[in-house]
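# Coordinate analysis (summary)
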Amino acid sequence: MAAALFGAIGVFAAWVGLLDFLSAANLQYKLIGLAFAVAGLVLLAGSAVIAREPWRRKRGRVAAVAAGVAGVFVGGYLLLMQYRAPGLSPRRLPPFPAWVPWAAIVVVSLAAAVLGWWSTRAHAAEQLTWTAVGGRLFAGGLSVTVLFGGVQWWYTQQYQPGTIAAALTVTTELSPAPATAGENAGESSDPHMFEGTITVQNVSSTKVLIVSSLYEVTAVTHGLRGEIDGINDVDRERQQVACFLEELAPVTDPECDQPHIYRYGQFSAGDRRAQDVYPISRTSQPTAFRILQLGQVVRDGSWLEPQETFQHNLVVHVPEHEEPSGSPGLEELQLWTQLAVAQGSRLVLERVPSHGPEMVPQAVVSNEEYRDYKAAEDAVQPGGAQAHGSADDTTTEPDSTVEVDIGRRDAYYEELTMPRSSDEAPPLPEAEQARSPRYYPHRYTVVEWPIEDLSTLHRLVWGSHVVNTVQVLSERLYDPAKLVPLTEVERSGMATCISPAGTLEGKAEDSEIRRDPTAVCPGTWYSLADEEGRVANSYERLYQEKTKYGEDMADFYGLVQTGSLDVVSLTTETEAEAAAAATTMPPSTDFHHLPSDVFQQCEPALQYAKTLTDFYGTYIQSAFDRRVGELRGASPDGTGGAPTLEQGVESADVLDAYVDIANSGLLACSELEAPEDTPAASCPQAAAAKIDALRYAQDVGRALREAEPTDAWVQRGTEAVQAHQRAEGVVDEWLVTCR
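Summary of the structure given here.

Right, let's talk about the overall build of the protein chain for a bit. The number of helices and strands found in the protein chain is 18 helices and 13 strands. In the protein chain, which comprises 739 residues, the share counted as buried stands at 44%. Of all intrachain contacts in the protein chain linking residues separated by at least 6 positions in sequence, the fraction that spans at least 24 positions is 79%. Carbon and sulfur atoms make up 56% of the accessible area of the protein chain, which amounts to about 37600 Å² in all.

This is the structure we're talking about:
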């Protein structure tokens, strides 16, 4: 029995060891293969000694101990590799854990050693004593162990760091296309033609693998900033400063009243808008992004030898672009490139991809995307109901993600593409507090490349792997709080990850993995763990385990991403002068008044009320004036385009719908205490006067609803208009000094 057990383990160890010694990808696994081959030979020799009676009489116990030690080494090393392997490594004996076969080798080796020793009990006196060979065996084993450990240390600490981390430089350059033959020297052949150059150089002493690459040429239009309104001069000055600086990052308590300012906590974890590194400008804002070219820098799986340089040249045509508003703008051309690379011989791709390249025109709604959209919808509904989960959802966490049937998600996508009635628009205050969903991939390409196995031993423990590259061509956005319907946005990007073999290969065309890029490369677009790394259910736990697996494998193979960006101006000198002439900034220094706490509390309510009266109140009053003019015989041409009676009534209804919200804020402001004869004391006075102004504006609206062709009606309406104007005058007087 002992001979059979040692023989089986010996055949396994010798077979694996010889394969790795002869064909492993790098020195480390060749050395391990040699050690396994030697251990296999010791096991086979021990098996032969125990099996033959004459040999067993004298050398059976020594053979049993030596073979047992060799078997424990084989099983122990495999156990150590399994311990270091990622959590989702394949199981060789399902449903048992992955470490069970290697632990069995250790146990069987120890059992076989005991059985081999026990089989020599009848010839104990004839056995070769341990003292005769123990010293030599111990010295030899110690020498081999020290030598093996030294080689391993040298490989992992000295050799390996220089062969895994990539070392290359990437530069991009854009310039106007030179004049063609026959044209005047120094002139451009076409002001809309540009040349681009992407240069990649391997600056290391070993070859570098370019796993995947993507470049993009984008025309960016910057619109000039408009003048920002405020409740008074101090507020306007502060709004100009705040609306510029607060674009840099999400703000805890925004001072700027503009809708483009992001609030801290507005985005889910991982949303790249919360980490936007785009520069901000005091005079302009990006208004349009147009992708003009997309492509690969170099073919996937290409190698760069040490000190080798590769150059990719391109020509791009930039069409004319006119601002929709007709106002002058500034344009620039961007060329950026992104590469996923690995250095050394550890990551080697097969010659042919196992799947793709495949373009998916519409990504399926992922489980997290479904939860994100549902939560955003529920946040703007009365009562704030929780997002819908699946039928088997047993979690009590409101923000947790569960697995939802793909049929329900497809039906939900179709529902979102249907136009919705404007009556479903959420109230303004609730919409401002709602969390904005992320951008999610919509149109993308995917390709899967098999990685050559490093060794037979590595494949046994870690399994085979593939590199999946997802190139996102466009993303989609849905934000019910901001009244943004499901929209496709031209935004490209590239994600590269390492996954278990067979992630895409052989999967059915309608399978979810073929339609969901967030499942191909988990963790790239979002994380399902909270800030402390906790998950709420089994689905989130599995997703995070896949994410951790991809991160661990990227570190193991030394897969990193790098890139470069170049920008040139598309704006001519004449256009720049026109834009400069159109740019106006209020006179101001770099010193600004700091408003009181009373002003900061009152400003939102006063600004909200001012918006209502400036638009709706003025609209209602204009409609009344037009109606009075019509009653007195004025021609339609003489009304100056003023709103009709019906339009005035509609505006009055809108004013009534929001006046309670405005009054609640104004009332809170009017009750604030501030020292007398200070600028802050004017703010509560202005709020109290604004409440009166809103009441008189409602009186004008009621007069419109009761419109009659009588002098009495005209008198009542005129008195309401005059009262509103007087109240606004009082408000203006207090606002001038409010600070």
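On to the environment of alanine 495, then. Counting through the fold element by element, alanine 495 comes out in strand β12 (residues 493-500). In the structure, alanine 495 is positioned 155 residues away from alanine 340 in sequence and 8.6 Å away in space, judged by C-alpha atoms. Those residues in contact with alanine 495 that sit more than four places away from it in its chain are Asn468, Thr469, Val470, Cys521, Thr524, Trp525 and Gln561.

So, on to the state of the cysteines. Enumeration according to the criterion identifies four disulfides in this entry. Sulfur-sulfur distance for the disulfide between cysteine 243 and cysteine 256 comes to 1.9 Å. Handedness here is read from the sign of the S-S torsion; for cysteine 243 and cysteine 256, about 95 degrees, the answer is right-handed. On the criterion of sequence distance, the pair formed by cysteine 243 in helix α7 (residues 233-245) and cysteine 256 in the loop between α7 and β4 (284-295) is long-range, its members being 13 residues apart. The buried category is assigned to cysteine 256, whose relative accessible area is 6%.

Moving on to helix α4 (residues 100-118). Spanning 19 residues, α4 covers 26 Å between terminal C-alpha atoms, matching the ideal 27 Å at 1.5 Å per step. Burial in α4 covers these residues: Pro101, Trp102, Ala103, Ile105, Val106, Ser109, Ala112, Ala113 and Gly116.

Under the definition given, this model contains ten aromatic pairs. Relative to tyrosine 478, the ring of tyrosine 373 has its centre 5.2 Å away and its plane inclined at 80 degrees; by these criteria the two rings are edge-to-face. Of this pair, tyrosine 373 sits in helix α8 (residues 367-379) while tyrosine 478 sits in strand β10 (residues 465-479); the two residues are 105 residues apart in sequence, bridging distant segments of the chain. For the residue pair tyrosine 373 and tyrosine 478, the accessibility class agrees, reading buried in each case. Measuring from ring centre to ring centre gives 5.1 Å for phenylalanine 556 and tyrosine 557, while their planes differ by 90 degrees; the resulting arrangement is edge-to-face. Residue phenylalanine 556 is classed as buried on the basis of its relative accessible area, which comes to 14%. For tyrosine 557, a relative accessible area of 2% puts it in the buried group. Sitting over the face of the ring of tryptophan 303, lysine 207 holds its NZ or CZ atom 4.3 Å from the ring centroid. One residue, arginine 491, lies across the ring of tyrosine 439, its end atom 4.1 Å from the ring centre.

Together, Leu18, Phe21, Leu22, Leu34, Val38 and Val42 line one region of the surface with nonpolar side chains, adding up to about 520 Å² of accessible area. When contributions to the nonpolar patch are tallied by element, the ones reaching two or more residues are α1 (2-23) and α2 (27-51). Summarising the element assignment, valine 42 is placed in helix α2. Relative accessible area serves as the criterion here: at 31%, valine 42 is assigned to the partly exposed category.

Grouped together as the largest cluster of nonpolar side chains are 50 residues, with contacts concentrated most on Phe36, Leu78, Leu347, Leu457, Ile498 and Tyr557. Excluding anything up to four places from it in sequence, phenylalanine 36 contacts Ala13, Ala14, Gly17, Phe73, Val74, Tyr77, Leu78 and Leu457. Grouped together as the second largest cluster of nonpolar side chains are 36 residues, Ala662, Ala689, Leu704 and Ala720 included.

Turning our attention to helix α18 (residues 711-737). Between its terminal C-alpha atoms α18 stretches 40 Å, which fits the 39 Å expected from 27 residues at 1.5 Å a residue. Those residues of α18 that sit buried are Trp713, Val714, Gly717, Ala720, Val721, Ala723, His724, Ala727, Glu728, Val731 and Leu735. Residues of α18 that are buried in the fold lie against α15 (597-631) and α17 (682-705).

The next subject is the sheet that holds strand β1 (residues 168-176). Spatially, the three strands line up as an open sheet ordered β1-β2-β6, and their pairing is antiparallel. Each end of this open sheet is capped by a strand with a single partner; those strands are β1 and β6 (309-317). For this sheet, the mean angle separating the axes of adjacent strands, direction not counted, is 15 degrees.

Packed helices, taken two at a time, are described by their axes: the angle between them and the distance between them. Where α17 contacts α18, the two axes come as close as 8 Å, and the packing angle between them is 160 degrees. Overall, the two elements α17 and α18 adopt an arrangement that is roughly antiparallel. At the point where α17 passes α18, the crossing takes the left-handed sense.

Its location among the elements puts glutamine 334 in strand β7 (residues 329-343). Among the polar contacts made by the side chain of glutamine 334, one reaches the side chain of glutamate 332 at a distance of 2.8 Å. Those residues within four positions of glutamine 334 in sequence are excluded, and the remaining contacts are Leu174, Glu216, Val217, Thr218, Val220, Tyr278, Leu565, Asp566 and Val567.

Attention now goes to unusual backbone geometry. Residue glycine 356 is joined to proline 357 through a cis peptide bond whose omega torsion reads 0 degrees. The backbone phi angle of glutamine 307 is positive, close to 65 degrees, even though this residue is not glycine. If you trace the backbone, glutamine 307 turns up in the loop between β5 (302-304) and β6. Phi at aspartate 677 is positive, roughly 60 degrees, even though this residue is not glycine.

Counted residue by residue, strand β9 (residues 440-450) has ten buried out of eleven residues, so it is predominantly covered. Sheet topology places strand β8 (residues 355-360) next to β9; four bridges connect them, and they run antiparallel. The residue bridging histidine 355 from the neighbouring strand is glutamate 448, located in β9. Note: β9 against β10, ten bridges, orientation antiparallel. In the sheet register, threonine 445 faces β10, and the bridge partner there is glutamine 471.

Attention now moves to the pattern of salt bridges. Going through the model one piece at a time under the given rule, you end up with 24 salt bridges. Across the salt bridge formed by aspartate 233 and arginine 236, the nearest N and O atoms sit 2.5 Å from each other. Of this pair, aspartate 233 and arginine 236 both sit in helix α7, three residues apart, which is roughly one turn of that helix. Judged by relative accessible area, which is 58%, aspartate 233 ranks as exposed. What makes arginine 236 partly exposed here is its relative accessible area of 25%. In this structure, the salt-bridge partner of aspartate 552 is lysine 548, at a minimum N-O distance of 2.9 Å. Of the two residues, aspartate 552 and lysine 548 are both situated in helix α13 (residues 538-557); the distance of four residues between them amounts to about one turn of the helix. Look at aspartate 552 and you get partly exposed, because its relative accessible area is 26%. Its relative accessible area of 45% is what places lysine 548 among the partly exposed residues. A cluster of three or more residues bridged by salt bridges with shared partners is formed by Asp229, Asp233, Arg236, Lys610 and Asp614.

What counts and how
- Residues numbered from 1 in each chain as written.
- Predicted model: local features only at pLDDT ≥ 70, side-chain atom pairs only at ≥ 80, totals over all residues.
- Heavy atoms only, no water.
- Helix = DSSP H or I, 4+ residues; strand = E, 2+ residues; numbered from the N terminus.
- Buried < 20%, exposed > 50% of the residue type's maximum accessible area, 1.4 Å probe, protein only.
- Contact = heavy atoms within 4.5 Å.
- Areas by Shrake-Rupley, 256 points an atom, 1.4 Å probe, with all protein chains shown as cover.
- Disulfide = S-S within 2.5 Å.
- Expected span 1.5 Å × (residues − 1).
- Phe/Tyr/Trp six-rings, centres within 6.5 Å; stacked < 30°, edge-to-face > 60°.
- Lys NZ or Arg CZ within 6 Å of the ring centre and 35° of its normal.
- Patch = residues over 30% accessible without salt bridge, like charges linked within 9 Å, V, L, I, M, F, W, Y side chains within 5 Å.
- Salt bridge = Lys/Arg side-chain N within 4 Å of Asp/Glu carboxyl O.
- Core = buried A, V, L, I, M, F, W, Y, C linked by side-chain atoms within 4.5 Å.
- Pairing = 2+ DSSP bridges.
- Axes fitted to C-alpha atoms, helices over the stretch in contact; angles between N-to-C directions.
- Parallel < 35°, antiparallel > 145°, perpendicular 65-115°, else oblique.
- Left-handed = near helix turned anticlockwise from the far one by under 90°.
- Polar contact = N/O pair within 3.5 Å; in protein donor to acceptor, adjacent residues only side chain to side chain.

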